[in-house]
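Overview (structure and organization)
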Amino acid sequence: MEKQGFWQNVWHLYYDGFRNMTIGKTLWTVILIKLFIIFVVLKLFFFPNFISHHSKKGEEAEFVSTEITSRQ
Amino acid sequence: MTNLLLDLDTSMINWARAQFALTAIYHWLFVPLTLGLAVIMGIMETCYYRTGKEFWKDTAKFWQRLFGVNFAMGIATGIILEFEFGTNWSNYSWLVGDVFGAPLAIEGIVAFFMESTFVAVMFFGWNKVSKGFHLASTWLTGLGATISAWWILVANSWMQYPVGQEFNPDTVRNEMTSFADVALSPVAIDKFVHTAISTWVVGAVFCVGVCCWYLLKRRHVEFAKASMKIGAIVGLTASLLAAISGDHSAYTVGQTQPMKLAAMEALYNGGTDQSLTVISAVNPFKQPDYENEEEAPFRIAVPYALSFLATHDLHGFVPGVNDIINGYTKDDGTVEMSLKEKIERGQKAIIALQQFREAKKKGDSAAMDAARSVMAENMKYFGYGYVKESEQIVPYIPVCFYAFRVMVGGGCLFILLFALILFFLYKKDITKPKWLHWLALACIPIAYIVSESGWLVAEFGRQPWTIQDMLPTWVGVSDLQTESVMITFFLFLILFTTMLAVEISILCKQIKKGPEGEK
């Protein structure tokens, strides 16, 4: 019973907190837009993992060693 | 095999560096205020907890609101740096992956669980949890953010002073051999202490500056005076501690990164009994002719002070740029190799890595062992194997020289500001001197410039190394097209500038509303 009360309190903390936000609504909007831009737009379209795009799985070490030893 | 270095467009390296610098500079606009305000609002809520006065509750809530705006704007701005590692700095990223993994994973877990849990209690928990639990949540929010910063700074410090790792030619990675050596290296401790304390200064300057704006407007005078007391006491204490920790950081830099110290001081030719340059006419737009100039022009200096700063001995030997290039003998008699010797050792290590990889393909274990042995002897100088000219290992001296002076000068200005504020608060009438109010307001942007200058000293001073002595920038960078890095550079510029404008706009609105704005 006590455990259920605790989780109910946690739920109400967040539920009431989000419902009664004033400035927080603006901030959450900004955060969500920002996260969308960072994780969806930038990460997917502009920041691929260079090594995994240029080498086969398991051959990354060979790729990097060739890269760094040939720049001498 | 095509020489990839010849194929690489060098301006791409500069774009990648500029993009990283831009992202880090913008990220660092948000972090100091978060860490600094955390201390100030924690003290204010402690006043509420101890006195039970609603005045302190309103005061703490006001500063928490400003903290919340800044916190929200700063969220995830640092994650972009990790994207850049994987795309723009893939060789570097692969080489450090095993060392960086642990600190960054801990940072992520701490940031997510500690901050997100206690931030929620702090903002939503007024009247829902006990005063004691709420106070603990407020302090733990700040502590969580500070611990996050610790792990990031541990990762950064390892790049400046790589310890606790061993290079594994099988995986072509630096692998951690001692977590304690990485997490508790002298550079990591100095960097964390100095950086964390400097953020309290930024928070205190912001607090005092906002309060002075209220005094100029004749609004919320009692609130402003009470907040200023806390802000100025925190600020003065932190500024003095920053001076002490900065002194120790300079000593550590002198021991671990002498070229950075030489660049900070524009010290071309070192020696014993070295004086500390207060100011000099170093050309801000051109790398000085350190090979031929005896010293920077029109130099005003404090006798013996640099020797004492760098060695804790008035007569200690401090190497200049030319000494580091030509080799020198330290006070304890150990000889620091010349650049030429380091280049030879580095080239041996690179050739040994090539031989190891060839031997591995053929399954020749004897040749692998032989190559491994050569690498073990010379790996410390691996990065020097890529150096062709001595000028490549000298950081851009004007930036290091002036950024260091802006940082130290700004720190002195803040000590004076906080001392004046406290003097007027306790001995005179703080509501009267408008010049002081304007000075405090002007110090808000100055605090950010000073804070960023500290970052410039640390990062420009270690050029050209992404990992000190082991990996120069032109080897750590990916073989990308310049255009793709340019596009993301400008995307970030637009994104971050917009976010900064939004933050300043929301902060200004909240400040205009004042401490009763929420009611």
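Residues numbered from 1 in each chain as written. Chains lettered and ligands numbered in written order. Predicted model: local features only at pLDDT ≥ 70, side-chain atom pairs only at ≥ 80, totals over all residues. Heavy atoms only, no water.

**Some details on the overall build of chain B**
Just so we agree on the cut-off: The helix and strand labels rest on DSSP assignments: H or I over at least four residues marks a helix, E over at least two residues marks a strand, and numbering proceeds from the N terminus. Accessible area is worked out with a 1.4 Å probe on protein chains only. A residue is then buried under 20% of its type maximum, exposed over 50%, and partly exposed in between. Two residues form a contact once any of their heavy atoms are found within 4.5 Å. Residue-level accessible areas treat just the shown protein chains as cover; the underlying method is Shrake-Rupley with a 1.4 Å probe. For this count, His and the chain ends are skipped, Lys and Arg are scored as positive, and Asp and Glu as negative. In this description, the location of a charge corresponds to atom NZ of lysine, CZ of arginine, CG of aspartate or CD of glutamate.
Of regular secondary structure, chain B possesses 18 helices and eight strands. With respect to the three principal axes, the spread of C-alpha positions in chain B is 75 × 50 × 40 Å. When each of the 519 residues of chain B is scored for burial, the buried share is 57%. Relative to all contacts within chain B whose residues are 6 or more apart in sequence, the contacts with residues 24 or more apart total 79%. Summed over its atoms, the accessible surface of chain B is roughly 21400 Å², and 63% of this surface lies on carbon and sulfur atoms. Of note, chain B has its 40 positive side-chain charges centred 14 Å away from the centre of its 46 negative side-chain charges.

**Focus: the packing of aromatic side chains**
Keep this limit in mind: In this analysis, rings of Phe, Tyr and Trp, with Trp reduced to its six-membered ring, are considered paired at centre separations within 6.5 Å, and the interplanar angle assigns stacked below 30 degrees, edge-to-face beyond 60, and tilted for intermediate values.
Within this structure, the stated rule accounts for 34 aromatic pairs over all chains. On the basis of an interplanar angle of 80° and a centroid distance of 6.3 Å, the ring pair of Tyr14 of chain A and Phe124 of chain B is categorised as edge-to-face. In this pair, Tyr14 of chain A is assigned in helix H1 (residues 2-19) and Phe124 of chain B in helix H5 (residues 90-124), connecting two distinct chains. Among the residues examined, Phe124 of chain B registers a relative accessible area of 15% and is labelled buried.

**Observations concerning the pattern of salt bridges**
Put simply, the rule is: For salt bridges, the criterion is a side-chain nitrogen of Lys or Arg within 4 Å of an Asp or Glu carboxyl oxygen.
Taken as a whole and assessed by the stated rule, the structure comprises 13 salt bridges over all chains. Across the pair Glu62 of chain A and Lys361 of chain B runs a salt bridge whose closest N-O atoms are separated by 3.4 Å. Taken together, the residues span two chains, with Glu62 of chain A in helix H4 (residues 60-69) and Lys361 of chain B in helix H13 (residues 339-362). Relative accessible area serves as the criterion here: at 57%, Lys361 of chain B is assigned to the exposed category. Lys432 of chain B serves as the salt-bridge partner of Asp429 of chain B, at 4.0 Å between the closest nitrogen and oxygen. Residue class for Asp429 of chain B comes out partly exposed when judged on its relative accessible area of 30%. A single network of salt bridges, built from pairs that share partners, joins Glu62 of chain A together with Arg357, Glu358 and Lys361 of chain B.

**Points about a negative patch on the surface**
Using the following cut-off: Like charges are joined within 9 Å and nonpolar side chains (Val, Leu, Ile, Met, Phe, Trp, Tyr) within 5 Å, but only among residues with over 30% relative accessible area and no salt bridge; these make up the patches.
Residues Asp273, Asp313, Asp331 and Asp332 of chain B make up a contiguous surface patch of negative charge. Classification of Asp332 of chain B by relative accessible area gives exposed; the value is 60%.

**Thoughts on unusual backbone geometry**
Residues and elements named next belong to chain B. With omega at 10°, the peptide bond leading from Gln463 into Pro464 counts as cis. By the secondary structure assignment, Pro464 is in the loop between helix H16 (434-460) and strand S7 (465-467). The backbone phi angle of Arg218 is positive, close to 55°, even though this residue is not glycine. The topology assignment puts Arg218 in the loop between helix H8 (186-217) and helix H9 (221-256). Of the residues examined, Arg218 reaches a relative accessible area of 48% and is grouped as partly exposed. Phi is positive for Asp469, close to 70°, though the residue is something other than glycine. Take Asp469: it is sitting in the loop between S7 and strand S8 (471-472).

**Comments concerning the interface of chain B and chain A**
Where interface size is quoted, it is often the accessible area lost as the parts come together. As a reminder, the rule being used: What counts as buried area is the accessible surface, traced by a 1.4 Å probe, that two parts surrender upon association, with contributions from both included. N or O atoms closer than or at 3.5 Å make up a polar contact, with two conditions inside protein: a donor-capable atom paired with an acceptor-capable one, and, for residues adjacent in sequence, both atoms drawn from side chains.
With 63 residues of chain B in contact, the opposing surface of chain A contributes 38 residues. Interface area for chain B against chain A, summed over the two sides, is near 4200 Å², with a carbon-plus-sulfur share of 74%. Broken down residue by residue, the surface that chain B buries against chain A is led by Phe83, Trp94 and Phe124 of chain B, which jointly contribute 16%. Between Glu62 of chain A and Arg357 of chain B there is a salt bridge, and its shortest N-O distance comes to 2.8 Å. Counting across the interface, chain B meets chain A through 14 residue pairs in polar contact (both at pLDDT 80 or more).

**Remarks on the confidence of the model for chain A**
A low pLDDT means the predicted coordinates there should not be read in detail. The cut-off we apply is this: Scored between 0 and 100, pLDDT is the confidence that the predictor attaches to each residue.
Per-chain confidence: chain A averages 82 in pLDDT, with 94% of residues scoring 70 or above. H4 of chain A holds the highest mean pLDDT among the elements of chain A, 90, whereas H1 of chain A holds the lowest, 76.

**Focus: the packing of H8 of chain B against H9 of chain B**
Residue and element names in this part refer to chain B. Condition: Only C-alpha atoms enter the line fits that serve as axes; for helices the fit covers just the stretch in contact. Angles between N-to-C directions range over 0 to 180 degrees. An angle below 35 degrees is treated as roughly parallel, one above 145 as roughly antiparallel, one from 65 to 115 as roughly perpendicular, and anything else as oblique. Crossing handedness is read from the near helix: turned anticlockwise from the far helix by less than a right angle, it gives a left-handed crossing, and turned clockwise, a right-handed one. Classes in brief: Ala, Val, Leu, Ile, Met, Phe, Trp, Tyr, Cys and Pro nonpolar; Asp, Glu, Lys and Arg charged; the others, Gly included, polar.
Two elements in contact, H8 and H9, have axes whose closest approach is 7 Å; the angle formed by their N-to-C orientations is 155°. As judged from the angle between their axes, H8 and H9 are roughly antiparallel. In the packing of H8 onto H9, the handedness of the crossing is left-handed. Along the lines of polarity and charge, the residues of the contact of H8 with H9 split into 22 nonpolar, eleven polar and one charged.

**Thoughts on helix H2 (residues 23-46) of chain A**
Stated formally: Each helix should span, by expectation, one fewer than its residue count multiplied by 1.5 Å. Note that the bend at a residue is defined as the angle between axes fitted to the seven residues ending at it and the seven residues starting at it.
Taking 1.5 Å of rise per residue, 24 residues should cover 34 Å, and H2 of chain A covers 32 Å from first to last C-alpha, within 8% of that figure. Within H2 of chain A, the axis deviates most sharply at Ile37 of chain A, by approximately 25°. Looking only at H2 of chain A, the buried set comprises Ile23, Gly24, Leu27, Val30, Ile31, Lys34, Ile38 and Leu42 of chain A. In this fold, the buried residues of H2 of chain A make contact with helix H3 (54-74), helix H4 (79-87) and helix H18 (482-513) of chain B.

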